[in-house]
Amino acid sequence: MAMRLAYSKAVTLALAEAMDADSSVFCLGEDVGYGGAYGATQGLRDRFGADRVRDTPISESAIVGFSVGAAMSGMRPVAEIMHMDFIAIAMDQVVNQAAKMRYMFGGKAKVPLTIRCGVGGYLNAAAQHSQSLESWFAHIPGLKIVSAATPADIRQVLRDAILDDNPVLVLEPLGLYENVGEVPETYARKKIGYCDVKRRGEDVTLITWGRTVTEVLEAAETLARDQIDCEVIDLLSISPWDKKTVLESVWRTNQAVVVHQAHRTAGFGAEVAATIMEKAFKELDAPVMRIGALDTPIPFAPAMERYVLPTAERIVSEVKKLF
Amino acid sequence: MAMRLAYSKAVTLALAEAMDADSSVFCLGEDVGYGGAYGATQGLRDRFGADRVRDTPISESAIVGFSVGAAMSGMRPVAEIMHMDFIAIAMDQVVNQAAKMRYMFGGKAKVPLTIRCGVGGYLNAAAQHSQSLESWFAHIPGLKIVSAATPADIRQVLRDAILDDNPVLVLEPLGLYENVGEVPETYARKKIGYCDVKRRGEDVTLITWGRTVTEVLEAAETLARDQIDCEVIDLLSISPWDKKTVLESVWRTNQAVVVHQAHRTAGFGAEVAATIMEKAFKELDAPVMRIGALDTPIPFAPAMERYVLPTAERIVSEVKKLF
Amino acid sequence: MAVSNEGDILKMYRQMVLIRVAEETLLRLFESAEMPGFIHSYIGEEATGVGVCQALEVSDVITSTHRGHGHVIAKGCDLNHFFAELYGRSNGTCKGKGGSMHVADLDIGVFGANGIVGGGVPIAAGVALAASIRKERRVSVAFMGDGATDIGPFHETLNLAAVWNLPVVFVVENNGFADFIRVSDHQKIDRISKRADAYGMKGVTVDGNDVEAVFIAATEAVRAARRGEGPTLLECVTYRWRGHFEGDPQPYRTQDEVEEWKLKDPLKAAEKRLEALGLAVQADFDAIRKEAIARVESAVEFARASPHVKPEDALSDVYTDMEVEGWQ
Amino acid sequence: MAVSNEGDILKMYRQMVLIRVAEETLLRLFESAEMPGFIHSYIGEEATGVGVCQALEVSDVITSTHRGHGHVIAKGCDLNHFFAELYGRSNGTCKGKGGSMHVADLDIGVFGANGIVGGGVPIAAGVALAASIRKERRVSVAFMGDGATDIGPFHETLNLAAVWNLPVVFVVENNGFADFIRVSDHQKIDRISKRADAYGMKGVTVDGNDVEAVFIAATEAVRAARRGEGPTLLECVTYRWRGHFEGDPQPYRTQDEVEEWKLKDPLKAAEKRLEALGLAVQADFDAIRKEAIARVESAVEFARASPHVKPEDALSDVYTDMEVEGWQ
Ligand SMILES: Cc1ncc(C[n+]2csc(CCOP(=O)(O)OP(=O)(O)O)c2C)c(N)n1
Ligand SMILES: Cc1ncc(C[n+]2csc(CCOP(=O)(O)OP(=O)(O)O)c2C)c(N)n1
Ligand SMILES: [Mg+2]
Ligand SMILES: [Mg+2]
């Protein structure tokens, strides 16, 4: 029996299940005890107690740093960074500590740490509350990164992340928290690194993740009306990513477009595009197209923000250029 | 009359010239008053006084944050981050503040800030003292990034950075500080965004920057003996980068390899490769090759570090695969 | 401590009323979805921003926070362009690029509201550093919340500002909460101003709802800074009447608690004082409020009539010398 | 304060000598270029690491710093694998991946030296958080330098550790300098332990060259932590005999100053105390030193004879469950 849940409640579900299943799982972050700024941890403190659902001061570096220490001691902390922009305060702990501990210590440490980040724009929250910074972390060995666009997927990837013995960033698009969808009753673990083909198609492979999944799917519907048959792959896992599935699709469609909400320049789309071109150079009819936010800080005024960020409409008009 | 100077002394020269030319230029950072951990600011405090050459506590966030405020007040601070790894402490001030101030404030602020960072490995300094993180910053609108591999080039780009009205990161490869080379007597300003073709060649375009410039040039010499005639472009400026020169070269050679010391995955090489493939798809005989550090934290033991980081020898063997 | 110039109280009262009315108006506009983004209301905390800014000269600089409307208006930001910014219009103070969390006006020393907690703290110190190097008389003020005193850059900044003896005042608006978290749950000390001791800096706590007390303490701190005596940490104890942001369900406190604090309304307190001093009577207060309403309404009209931004406007102001590429 | 168990002093003296000899040996090896990387010498500061670690149980945890050799040896790290790590050999504590700045041995509670100033501070608190949640008796200690007390994560950590009342001790080794900068030039307070007040935490300063005093203070702090009384900030005042790193030209101090501090040699002080207590005489000290030399020499031999790393070893230990691709 599947349930219908809002995205934020699917997060809560995953956290509750994980805490039920394993007493070493605990949550910490700003306001998480009161349910979180976006309601994703509602009810957890009542259920699991203040010891395991911890409100913190505004101290991102301590939030992540304490989590690293706790993880090295055998706990499975789930830290929340309210907006990914704020992870800037905690970069040392994420990148120089969490990511490298195991390696620096010759494989003797395990850091089973999950960092949930609200991510991205379309909130009219301007330049310091709208960033999608996954490419920073994809560049850092030792980290894994997942993201999801539907309630079912976030439940899956978040639980997978918590079970993973490595530090994993879980990116939750802020603009999707209220979207409702089906969530399967049971969870079965999958090892991080899988993607999901959200739509089968023959003409072009659209690769995306996070917030733009919904935009891409909408674009694919529109394009279908113009006889352009899109395959849509939601990476779900950005690091590592499922190259095999993507390449097999591109070998078949001979065209690829990568779409993300992060800035286009030096976004993770560049990695995907470069990889596809390395491995499917002969099969490609055209260069891999990259669609991302324009290279400006995210502006406040809605009309400008909608212009800067990729939308379904924009994706349609860009993809059409290939045909 | 050119001078022969060590790289670190070319940095000192550029700083002294800039401070001589403009009283709003000042330096701050850990140990800069005592000449800096790597000797790049030696003698400056004696010459310009403790007001303009300032030792700071170990407070990277304050170093950059104070610089942002001073820059917005019309000063031209030159902040030093001893190893780029430590910029992790200051990411908020670099990315959320310095980069975005002008934009968030509707173009009314100017942030003429220079951030000098020692960068990269080959020092046996292990995972937290060896990173090359330029791709993080290339992803952030509002920042510029330059790097240089020779004394002459660092004098040029550093002075250009200080004169620039935007925040500029200047990456100084730690492994090159003691290299000696000619530096022209006079400086003439160039607007950031230029590259330097360090070697003309017909068979393949090698694009690189920073520490790997010397490795690539050495590799090109070796390859020449095998009749492989490499063009070597030192980007010098990573953001923005001189696409035109690179593309014109690739249109001619029909092959491109991008080499950097940063990790390969999601490194700036992905951006360069993706761009070349977008703009020279038809001209390319093979996919753009990317050579970067392997995707592991930088290990301590010299034998492992040399394996992980790209070396001239490795570049030779990789490039040969194209022929 | 010397009583402030009595005329100042009236002036400050006027400012507080203006802020109150502006904020009340904003809430209505926001509720009716006329205004995009997030709103963090300053209602109840007016005495702090006003008392501090009254101690400043135009050439002095403030950095503000996500809860910045009060600071910005108190420092003298033009209301028309302020409202236009909140509407995201092209003649807003930031051309619609900043919005509520980034209102700025460098000409009058508003170096910006800031969406990052603690983000403006080192920046204000950097302004003071520039003043110190150039031997200018400029003083800067960093406004921050109680929550901001827990974040790393606060610590780095206060330490270095003390070491360099900079002309900066760190104003902590202790409004009882950091987001949903009570001060007593995010730090274990009874006075935030105690943190000054960790830096060899002067620390002062005042009633942040008493505009005169704030003004006097701020004047003292600003004078000390200007005289080269270095920074002060000034804690103003006040209370946030509204939720953290508009829409906050506020499970963390009772309405009773809020009502209790409303009895300490800084505007009412100022009215009492003005009456006691014989400087004004109820009719004056009514007139002042009416005048404020008129000013705010006209600013809202200005904003509503302001030109909408063009999508492509987004491409400018990233760099001083380069345009960014738009969609082809 | 109660005198420590007298046997402890002898034990601690032994440890200090071992560290001193290990460090002296390292310097020679480093100078002869036998050892790669950077070396930050602990000579002169032995009493701090030893006094603190003596107060700990094996299951207690420390996080250390770039100047970590002393801490790590004092906590009981096996000398053979310690030296092998510094040589970058595959049977080093970190398989040659960490080197001097990252020596770690989780089994005996060494959660690593750390190359980032302040990097280990929140990590130690996180270990204490785990102990607190699981109601274990484990206490953790974060070692840090005076310089580390200026960095943001220090502040965030101490505040939160106090709020959560965690079983952690923050040990500040005030050795007079942060890199080239004197403490008086990087902070304006006379006692770093004063910073504890900013967090509602207990702060103590002791003579960091008096191993007994350090031990007593650390024991008290550890006991308090174990009893659920929360964290302590323990400042140990000592002095760095060598340059910041080997090769540092030290323009920032005179040799006279160094010589003065050498008169306060913690080893010599312990010898005096042992003699006064009638627990040992010069011949014992000579024997202890000889024994230390033998242990260190044998560890160096072990390291030298240890297998070299293979380049491809670099590919493992990035993740628990994935290998990284090497060159094709
Ligand atoms: C670095 C950072 N972390 C978290 C947030 C989210 N956030 C916005 S306001 C706020 C609370 C601020 O509390 P306080 O400093 O007391 O200011 P107040 O809202 O009470 O005025 C938080 C946590 C942020 N903007 N920046
Ligand atoms: C975040 C960061 N900034 C700068 C450095 C460079 N650095 C290494 S050690 C050191 C000085 C540390 O001083 P202190 O904390 O007093 O320790 P000590 O060296 O005196 O033992 C500095 C600045 C670093 N490793 N990390
Ligand atoms: Mg508050
Ligand atoms: Mg020190």
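Here we come to the overall build of chain C. Within chain C, the regular secondary structure consists of eleven helices and seven strands. For 328 residues, the compact-globule estimate of 2.2 N^0.38 gives 20 Å, and the C-alpha radius of gyration of chain C, at 19 Å, lies within 12% of that figure. For chain C, with 328 residues in total, the buried portion stands at 66%. Computed over 35 positive and 49 negative side-chain charges, the separation of the two mean positions in chain C equals 3 Å.

Glancing now at the packing of helix α3 (residues 60-72) of chain B against helix α5 (residues 120-134) of chain C. In contact at an axis separation of 6 Å, α3 of chain B and α5 of chain C are set at 60 degrees when each is read in the N-to-C sense. With respect to each other, α3 of chain B and α5 of chain C are oriented oblique. Crossing angle aside, the handedness with which α3 of chain B passes α5 of chain C is right-handed. Where α3 of chain B abuts α5 of chain C, its residues Ser-61, Gly-65, Phe-66, Val-68, Gly-69, Ala-70 and Met-72 of chain B lie against Pro-122, Ile-123, Ala-125, Gly-126, Val-127, Leu-129 and Ala-130 of chain C. Split by residue class, the contact of α3 of chain B with α5 of chain C holds ten nonpolar, four polar and no charged.

Before going further, it helps to spend a moment on the site of ligand 1. Near ligand 1 lie 22 residues; those nearest to it are Glu-60 of chain A together with His-66, Arg-67, Gly-115 and Asp-179 of chain C. One of the side-chain nitrogen or oxygen atoms of Asn-175 of chain C is found 2.8 Å away from an oxygen atom of ligand 1. Its free accessible area being 580 Å², ligand 1 has 98% of it covered by the protein chains. Residue composition of the shell around ligand 1, grouped by class: ten nonpolar, seven polar and five charged.

The next subject is the packing of helix α1 (residues 6-31) of chain C against helix α2 (residues 46-54) of chain C. Residues and elements named next belong to chain C. Contact geometry of α1 with α2 gives a least axis separation of 9 Å together with a crossing angle of 135 degrees. Between α1 and α2, the angle is such that the two are oblique. The chirality of how α1 crosses α2 is right-handed. Every residue of α2 that contacts α1 at Asp-8, Lys-11, Met-12, Gln-15, Met-16, Ile-19 and Arg-20 is listed here: Glu-46, Ala-47, Val-50, Gly-51 and Gln-54. Among the residues making up the contact of α1 with α2, the classes are represented as five nonpolar, three polar and four charged.

Moving on, we come to the sheet that holds strand β9 (residues 196-199) of chain B. All names here are of chain B. Taken together, the five strands give an open sheet; going across it, the order is β9-β11-β10-β13-β14, and neighbouring strands pair in mixed fashion. Strand pairing shows two members of the sheet lacking a second neighbour, β9 and β14 (289-293), which therefore form its edges. Ignoring which end each strand starts from, the neighbouring axes of this sheet average 25 degrees apart. When strand β13 (residues 256-263) meets β14, the two strands line up parallel, connected through four bridges. Bridged to Val-257 within β14 is Met-289.

When the sulfur atoms of two cysteines share a covalent bond, that bond is a disulfide. Residues and elements named next belong to chain D. With the rule as written, the count across this model stands at zero disulfides over all chains. Cys-94 forms no disulfide, and the closest cysteine sulfur to it belongs to Cys-77, at a distance of 8.3 Å. Note on Cys-94: relative accessible area 0%, which makes it buried.

Let us now look at the site of ligand 2. Residues in close proximity to ligand 2 total 22 residues, the closest being Glu-60 of chain B together with His-66, Arg-67, Gly-115 and Asp-179 of chain D. Of the chains in the model, those with residues near ligand 2 are chains B and D. For ligand 2, a nitrogen atom lies 2.7 Å from a polar atom in the backbone of Gly-115 of chain D. In the environment of ligand 2, a nitrogen atom lies 3.1 Å from a nitrogen or oxygen atom belonging to the backbone of Val-117 of chain D. Burial of ligand 2 by the surrounding chains reaches 98%, relative to a free accessible area of 580 Å².

If you rotate chain A by 180 degrees and push it 0.0 Å along the axis, it lands on chain B with an RMSD of 0.0 Å. Taken together, the rotation and translation relating the two chain copies correspond to the operation of a two-fold axis. Interface overlap between copies is the fraction of interface residues in one copy that are interface residues in the other; for chain A against chain B it reaches 100%, indicating a shared surface.

Turning our eyes to something else, we now look at the environment of Ile-151 of chain D. The residue Ile-151 of chain D is located in the loop between β2 (140-145) and α6 (152-163) in this model. Accessibility expressed as a relative area gives 1% for Ile-151 of chain D, which makes it buried. For the pair Ile-151 of chain D and Glu-259 of chain D, spaced 108 residues apart in sequence, the C-alpha to C-alpha distance is 30 Å. Contacts of Ile-151 of chain D, omitting those with residues within four sequence positions, involve Ile-58, Glu-60 and Ile-89 of chain B, His-155 and Glu-156 of chain C together with Val-117 and Gly-118 of chain D.

Let us now look at the coordination of the magnesium ion (ligand 3). Residues and elements named next belong to chain C. At this site the magnesium ion (ligand 3) is bound by Asp-146 (OD), Asn-175 (OD1) and Phe-177 (O), with donor distances of 2.0 to 2.1 Å. Mapped onto the sequence, the donors of the magnesium ion (ligand 3) take the spacing D-x28-N-x1-F. Of the two residues, Asp-146 is situated in the loop between β2 (140-145) and α6 (152-163) and Asn-175 in the loop between β3 (168-174) and β4 (177-178); the sequence distance between them amounts to 29 residues. Per residue, the accessibility class of Asp-146 equals that of Asn-175, and both read buried.

Ideal geometry at a metal centre gives angles of 109.5 degrees when four donors are arranged tetrahedrally and 90 or 180 degrees when six donors are arranged octahedrally. Residue and element names in this part refer to chain D. Coordination of the magnesium ion (ligand 4) by the protein involves Asp-146 (OD), Asn-175 (OD1) and Phe-177 (O), with metal-donor separations of 2.0 to 2.1 Å. All donors to the magnesium ion (ligand 4) come from one chain, and their sequence spacing reads D-x28-N-x1-F. In this pair, Asp-146 is assigned in the loop between β2 and α6 and Phe-177 in strand β4 (residues 177-178), connecting sequence segments 31 residues apart. As far as burial versus exposure is concerned, Asp-146 and Phe-177 are alike and both buried.

Accessible area lost upon the coming together of the parts serves often as the stated size of an interface. On the chain A side, the residues contacting the 43 residues of chain C number 40 residues. Summed over both sides, the interface of chain C with chain A buries roughly 3,200 Å², with 71% coming from carbon and sulfur. Our count for the contact surface shared by chain C and chain A stands at zero salt bridges. Between chain C and chain A we count nine residue pairs in polar contact (both at pLDDT 80 or more) in total. Here the residues of the side of chain C that touches chain A sort into 22 nonpolar, twelve polar and nine charged.

Moving on, we get to helix α12 (residues 312-320) of chain A. For α12 of chain A, the full list of buried residues reads Ala-312, Ile-315, Val-316, Glu-318 and Val-319 of chain A. Residues of α12 of chain A that are buried in the fold lie against β10 (204-208), α8 (212-225), β13 (256-263) and β14 (289-293) of chain A.

For the rest of this paragraph, the subject is the pattern of salt bridges. Residue and element names in this part refer to chain B. Evaluated as defined, the whole model comprises 94 salt bridges over all chains. Here Arg-76 ties to Asp-22 by a salt bridge, and the two come within 3.8 Å at their closest N and O atoms. Here Arg-76 is found in strand β4 (residues 76-81), whereas its partner Asp-22 is found in the loop between α1 (7-21) and β2 (25-29), with 54 residues between them in sequence. The class for Arg-76 is buried, based on a relative accessible area of 14%.

All names here are of chain C. Strands sit in the order β1-β2-β3-β7-β6 across an open sheet of five strands; the sheet is parallel. Each edge of the sheet is formed by a strand with only one pairing partner; in this case those strands are β1 (61-63) and β6 (202-207). With direction set aside, neighbouring strand axes in the sheet form an average angle of 20 degrees. As defined by bridge partners, β1 adjoins β2 across three bridges and the pair is classed as parallel. Across the sheet, the residue bridging to Ile-62 is Val-141, located in β2.

This brings us to the packing of aromatic side chains. Applying the stated criterion across every chain, the model contains 33 aromatic pairs over all chains. Measuring from centroid to centroid gives 5.8 Å for Tyr-7 of chain A and Tyr-177 of chain A, while their planes differ by 70 degrees, and the two rings are edge-to-face. Linking Tyr-7 of chain A in helix α1 (residues 7-21) with Tyr-177 of chain A in the loop between β7 (168-173) and β8 (180-183), this pair joins segments that are 170 residues apart in sequence. For Tyr-7 of chain A, a relative accessible area of 0% corresponds to the buried category. What links up through ring pairs into an aromatic cluster is the set Tyr-34 of chain A together with Phe-177, Phe-180, Tyr-239, Phe-245, Tyr-252 and Trp-261 of chain C. For Lys-190 of chain B, the ring lying beneath its charged end belongs to Tyr-194 of chain B, and the centroid distance is 4.4 Å.

The rules behind each value
Residues numbered from 1 in each chain as written. Chains lettered and ligands numbered in written order. Predicted model: local features only at pLDDT ≥ 70, side-chain atom pairs only at ≥ 80, totals over all residues. Heavy atoms only, no water. Helix = DSSP H or I, 4+ residues; strand = E, 2+ residues; numbered from the N terminus. Rg over C-alpha atoms; globule rule 2.2 N^0.38 Å. Buried < 20%, exposed > 50% of the residue type's maximum accessible area, 1.4 Å probe, protein only. Lys, Arg positive; Asp, Glu negative; His and termini not counted. Charge placed at Lys NZ, Arg CZ, Asp CG, Glu CD. Axes fitted to C-alpha atoms, helices over the stretch in contact; angles between N-to-C directions. Parallel < 35°, antiparallel > 145°, perpendicular 65-115°, else oblique. Left-handed = near helix turned anticlockwise from the far one by under 90°. Contact = heavy atoms within 4.5 Å. Nonpolar A, V, L, I, M, F, W, Y, C, P; charged D, E, K, R; others polar. Near = heavy atom within 4 Å. Polar contact = N/O pair within 3.5 Å; in protein donor to acceptor, adjacent residues only side chain to side chain. Areas by Shrake-Rupley, 256 points an atom, 1.4 Å probe, with all protein chains shown as cover. Pairing = 2+ DSSP bridges. Disulfide = S-S within 2.5 Å. Least-squares fit on C-alpha atoms with pLDDT ≥ 70 in both. Donors = N, O, S within 2.8 Å, 3.2 Å for Na, K, Ca; no water. Buried area = accessible area lost by both parts, 1.4 Å probe. Salt bridge = Lys/Arg side-chain N within 4 Å of Asp/Glu carboxyl O. Phe/Tyr/Trp six-rings, centres within 6.5 Å; stacked < 30°, edge-to-face > 60°. Lys NZ or Arg CZ within 6 Å of the ring centre and 35° of its normal.

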